[in-house]
Amino acid sequence: MLRRLSTPRKNLISAAPTSGLCLALASIGSFSVTNIVSKSWDMLRLITRGGPALCNVAVTNACNAACDFCNFARGKVGAANLRWIDAGQFARSLNILRKRDIRYISFFGGEPLLHSRLADMIAMVVERDMGPALITNGWLLASQVEKLAAAGLKTILD
Ligand code: SF4
């Protein structure tokens, strides 16, 4: 299911091309005319190159759910093997990804809401004029949704 938040505000990585026109249109929010023109031009340029592209980022392999079929389920990954991506390194990676035509970042896990810096990483994506999305099991969403929306998140899939 895809949800859009109703109050728009202001080494575990994989990338795949997306439907450029659809995402380009969805990405034009409440910006100035100059920004809209600049962003539209960027999207049109990327479409001719096969993009813009989406990068899926697994921020952790920890999860609070216990789905039988999943290797990330609670208790299946030992404490010594739990991983959390570093937010500072993520910021540096974003700069490279943007130069490589990535304009959309999808956060998942494990369960991404368990990562203490998720809102910060969402803000980093928005600061670079990229679009963030969140794939979550939703258990912790109610307690974090305001913070995530304030960071700039507008799209949630569960
Ligand atoms: S919620 Fe997702 S990551 Fe967590 S155990 Fe279920 S399938 Fe795996």
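What you see is a predicted model; the values in this text were computed from it and never measured. (Residues numbered from 1 in each chain as written. Predicted model: local features only at pLDDT ≥ 70, side-chain atom pairs only at ≥ 80, totals over all residues.)

**Topic: the overall build of the protein**
Phase 1 of the analysis: Counting secondary structure elements, the protein contains five helices and six strands.
Phase 2 of the analysis: Ordered by position from N to C terminus, the α and β elements of the protein give β-β-α-α-β-α-β-α-β-α-β.
Phase 3 of the analysis: Across the 158 residues that make up the protein, the buried fraction comes to 27%. (Helix = DSSP H or I, 4+ residues; strand = E, 2+ residues; numbered from the N terminus. Buried ≥ 20, exposed ≤ 12 C-beta atoms within 10 Å, placed from the backbone.)

**Topic: helix 4 (residues 118–127)**
Phase 1 of the analysis: All buried positions along helix 4 are accounted for by Leu118, Met121, Ile122, Met124 and Val125. Along the long axis of helix 4, the arc covered by the buried residues comes to 155°, so they all point the same way.
Phase 2 of the analysis: As for helix 4, its buried residues are in contact with helix 3 (87–99), strand 4 (102–108), strand 5 (131–135) and helix 5 (141–151). (Arc of directions from axis to C-beta. Contact = placed C-beta atoms within 7 Å.)

**Overview of the site of the ligand**
Phase 1 of the analysis: In the vicinity of the ligand, the contacting residues are Cys63, Ala65, Cys67, Cys70, Phe72, Ala73, Gly109, Gly110, Glu111 and Asn137.
Phase 2 of the analysis: Of the residues contributing to the shell around the ligand, the split by class is six nonpolar, three polar and one charged. (Near = placed C-beta within 6 Å. Nonpolar A, V, L, I, M, F, W, Y, C, P; charged D, E, K, R; others polar.)

**A look at the confidence of the model for the protein**
Phase 1 of the analysis: When the pLDDT values of the protein are averaged, the result is 85; 80% of them are 70 or greater.
Phase 2 of the analysis: Throughout residues 6–29 the model reports pLDDT below 50, and contacts reaching past four residues in sequence, or to other chains, amount to 44 contacts. (pLDDT = per-residue confidence, 0-100.)

**Section: the nonpolar core**
Phase 1 of the analysis: Counting 24 residues, the largest nonpolar core has Ile105, Ile122 and Val125 as the members making the most contacts within it.
Phase 2 of the analysis: Contributions of two or more residues to this core are made by strand 3 (53–58), helix 3, strand 4, helix 4, strand 5 and helix 5.
Phase 3 of the analysis: Among all residues touching Ile105, those that are not within four sequence positions of it are Cys55, Val57, Val125, Met130 and Pro132. (Core = buried A, V, L, I, M, F, W, Y, C linked by C-beta atoms within 7 Å.)

**Regarding the pairing of strand 5**
Phase 1 of the analysis: For strand 5, a buried count of four out of five residues is recorded, marking the element as mostly surrounded by other parts of the structure.
Phase 2 of the analysis: When strand 4 meets strand 5, the two strands line up parallel, connected through four bridges. What sits directly across from Tyr104, in strand 5, is Gly131.
Phase 3 of the analysis: In this fold, the crossover linking strand 4 to strand 5 by way of helix 4 has right-handed handedness.
Phase 4 of the analysis: Note that the unit made of strand 5, helix 5 and strand 6 (residues 155–157) has a crossover that is right-handed. (Pairing = 2+ DSSP bridges. Right-handed = clockwise from strand over helix to strand, strands pointing away.)

**Brief notes about the environment of Ala119**
Phase 1 of the analysis: One can find Ala119 in helix 4.
Phase 2 of the analysis: Residue Ala119 is classed as partly exposed on the basis of its 19 C-beta neighbours within 10 Å.
Phase 3 of the analysis: In contact with Ala119, other than residues within four places in its own chain, are Lys147, Leu148 and Ala151.

**A short note on the packing of helix 3 against helix 4**
Phase 1 of the analysis: Interhelical geometry of helix 3 versus helix 4 gives an angle of 15° and a closest axis separation of 10 Å. When the interaxial angle is binned, helix 3 and helix 4 end up roughly parallel. When you trace helix 3 past helix 4, the crossing you get is right-handed. Packed against helix 3, whose contacting residues are Ala87, Phe90, Ala91 and Leu94, the element helix 4 presents Asp120, Met121, Met124 and Val125 at the interface.
Phase 2 of the analysis: Partitioning the contact of helix 3 with helix 4 into residue classes produces seven nonpolar, no polar and one charged. (Axes fitted to C-alpha atoms, helices over the stretch in contact; angles between N-to-C directions. Parallel < 35°, antiparallel > 145°, perpendicular 65-115°, else oblique. Left-handed = near helix turned anticlockwise from the far one by under 90°.)

**Structural notes on the packing of helix 4 against helix 5**
Phase 1 of the analysis: Taken N-terminus to C-terminus, the directions of helix 4 and helix 5 make an angle of 20°; their axes are 8 Å apart at the nearest point. With respect to their mutual orientation, helix 4 and helix 5 come out roughly parallel. In terms of crossing hand, the pair formed by helix 4 and helix 5 is right-handed. Counting all contacts with helix 4, which are made through Ala119, Ile122, Ala123 and Val126, the residues of helix 5 involved are Lys147, Leu148 and Ala151.
Phase 2 of the analysis: Its residues assigned to classes, the contact of helix 4 with helix 5 comprises six nonpolar, no polar and one charged.

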